[in-house]
Structure formats: C-alpha cells, structure tokens
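# Results of the structural survey
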Amino acid sequence: MTTVKKQGTIEAPVAVVGRGGTLTAGLLRRLLPGPVVELTPCQAALYEGSCRAVVVENFDPPAGRTLSGCAAARWELSKRSGVTVVGLDDPEGRRFAGAVPGAVYAYSDGRPQADLTAKNVRFKGERLEFVALARGELMRVRLPVGKQPRLYDHLAALAGALALGVPFADAVAKLSG
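Position numbers for residues count from 1 along each chain, tracking the sequence in the order it is written. In keeping with the model being predicted, local features are shown solely for residues with a pLDDT of at least 70 and side-chain atom pairs are shown and tallied solely at 80 or more, while totals for entire chains, interfaces and linings include all residues. The side-chain numbers reported here are obtained from all heavy atoms of the structure, hydrogens and water having been left aside.

## Things to note about helix H1 (residues 23-31)
Our working rule: Buried means the residue's accessible area, taken with a 1.4 Å probe over protein chains only, is under 20% of the maximum for its type, while exposed means over 50%, and partly exposed covers the values in between. In DSSP terms, a helix is any run of H or I states spanning at least four residues, a strand is any run of E spanning at least two, and both are numbered starting from the N terminus. Directions are taken from the helix axis to each C-beta atom, and the arc is the one they span.
Along H1, the residues classified as buried are Thr 24, Ala 25, Leu 27, Leu 28 and Leu 31. Relative to the axis of H1, the buried residues are bounded by an arc of 160° and lie together on one face.

## As for the environment of Leu 162
Locating Leu 162 in the fold gives a position in helix H5 (residues 151-163). Between the C-alpha atoms of Leu 162 and Leu 31, which are 131 residues apart in sequence, the distance is 9.5 Å.

## Observations regarding unusual backbone geometry
At Asn 120, a position not held by glycine, the phi torsion is positive, near 55°. Mapped onto the secondary structure, Asn 120 falls in strand E8 (residues 116-124). The residue Arg 135 is not glycine, and still its phi comes out positive at about 55°. Given a relative accessible area of 43%, Arg 135 falls into the partly exposed group.

## Comments concerning the nonpolar core
This is how the line gets drawn: Residues grouped as a nonpolar core are buried Ala, Val, Leu, Ile, Met, Phe, Trp, Tyr and Cys residues, joined through side-chain atoms within 4.5 Å. In what follows, residue pairs with any heavy atoms lying within 4.5 Å of each other are defined as contacts.
The biggest cluster of nonpolar side chains holds 36 residues, and the ones touching the most others in it are Leu 28, Tyr 105, Leu 116, Phe 130, Leu 158, Leu 162 and Phe 168. The element that contributes the greatest number of residues to this core is H5, accounting for eight residues. Leaving out residues up to four positions away in the same chain, Leu 158 has contacts with Leu 31, Leu 116, Ala 132, Phe 168, Ala 171, Val 172 and Leu 175. Listed in part, the 17 residues of the second largest apolar core include Cys 51, Val 54, Leu 77 and Phe 96.

## Observations concerning the packing of H1 against helix H6 (residues 168-176)
Let me state the cut-off plainly: Structural elements are reduced to axes, namely lines fitted to C-alpha atoms, with helices fitted over the stretch in contact, and the angle between N-to-C directions of any two is expressed from 0 to 180 degrees. By the definition adopted for this analysis, an angle is roughly parallel if under 35 degrees, roughly antiparallel if over 145, roughly perpendicular if from 65 to 115, and oblique otherwise. For a crossing to be left-handed, the near helix must be turned anticlockwise from the far one by less than a right angle; the clockwise case is right-handed. When residues are sorted by character, Ala, Val, Leu, Ile, Met, Phe, Trp, Tyr, Cys and Pro go into the nonpolar class, Asp, Glu, Lys and Arg into the charged class, and all the rest, Gly among them, into the polar class.
Remark: H1 packs on H6, axes separated minimally by 9 Å, with the N-to-C direction vectors making an angle of 125°. Compared by their axis directions, H1 and H6 come out oblique. Both H1 and H6 take part in a crossing whose hand is right-handed. On H6, the residues touching Leu 27, Arg 30 and Leu 31 of H1 are Ala 171, Lys 174 and Leu 175. Looking at the contact of H1 with H6 residue by residue, the classes come out as four nonpolar, no polar and two charged.

This is how it looks when you write it as structure tokens:
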C-alpha cells in the first residue's frame, strides 16, 4: 500500500472501507495530511499494514445477529488502527461501534450519542446545509449540492478528520471550501 515518508518515518494511511471510488476518500484527502487508501471489504480482510484510522462507509445486511462478513473484515482491520470511524444511523453500524476493539469515533444525522452529529439538515438553493455538533461546539456547514447531495460522505470525512485531531473550524472550512 501507499505510504509517505514524513521526516524520516513512514506515515500509516487512513483506510476508507466501502465499495470503492467514493466521495469520502476524496474529501479526506483534502482534510488530512498523508495518504488515504480505499479498500473494499475483501481488500480490508487481506490488508496487512496498520492504519491511522479506518473510516467505515457502508454495511451489507448481516445474516443474523452477528456482524456481517463486511463488518468482520472491517473488525480485523480496526484491530490495527488508531481509531475506527463509524456511522450510527445504520443498525449494523451501531452493532459494529459497540463491538469493535479500540477507539471509536461515531457520526450521525441526529443521534446525540455520536461524537459528531448533524442537526437541522436542509437544502437551501444549491447548497446542503447543516449544523455540526462536535467537541461541545456548533459549526454551520454549507456544501454545494453537486450531482447528488451526499450528507453521509461529508459526515464520514469530517468525523475522520476530527478523530485524527484536525481542529473543528479548520476541518469545516476545508470541507466547505
């Protein structure tokens, strides 16, 4: 996998685990220094390195009351990650967040138990707007709608940046810009 040398050390990437070719990974590349890699669940299961963070984008339905095969692959990768970023608006995401070993940074469209919560989501003209609540702060986020509004891609990227220590105001400014 791609790594970047940073003052004599090799920086571990941030892994975005989903279906690939996603907006989330592109947004994270704008928000974070260092490499961002995209992995399908199969690639995540085979990935041998460690990651600064694992950003979980989507889930496939589980076969029963256990984690799905996709979640199991993410689980293995999360063991070698500093933090796992996961959405709480999906039942599988909530199960995963409650079961994953190590640090979890959660995001949601309205769930107060999340580390990052979107409130008052609306369309205004050609923009998607919401108020982001994180770290006890509120920030207004204004995003161009583009071809299709992607609230969860933006929330996942913002959560990934915050989980890795990017200041809230800086992350919102880069995301909105």
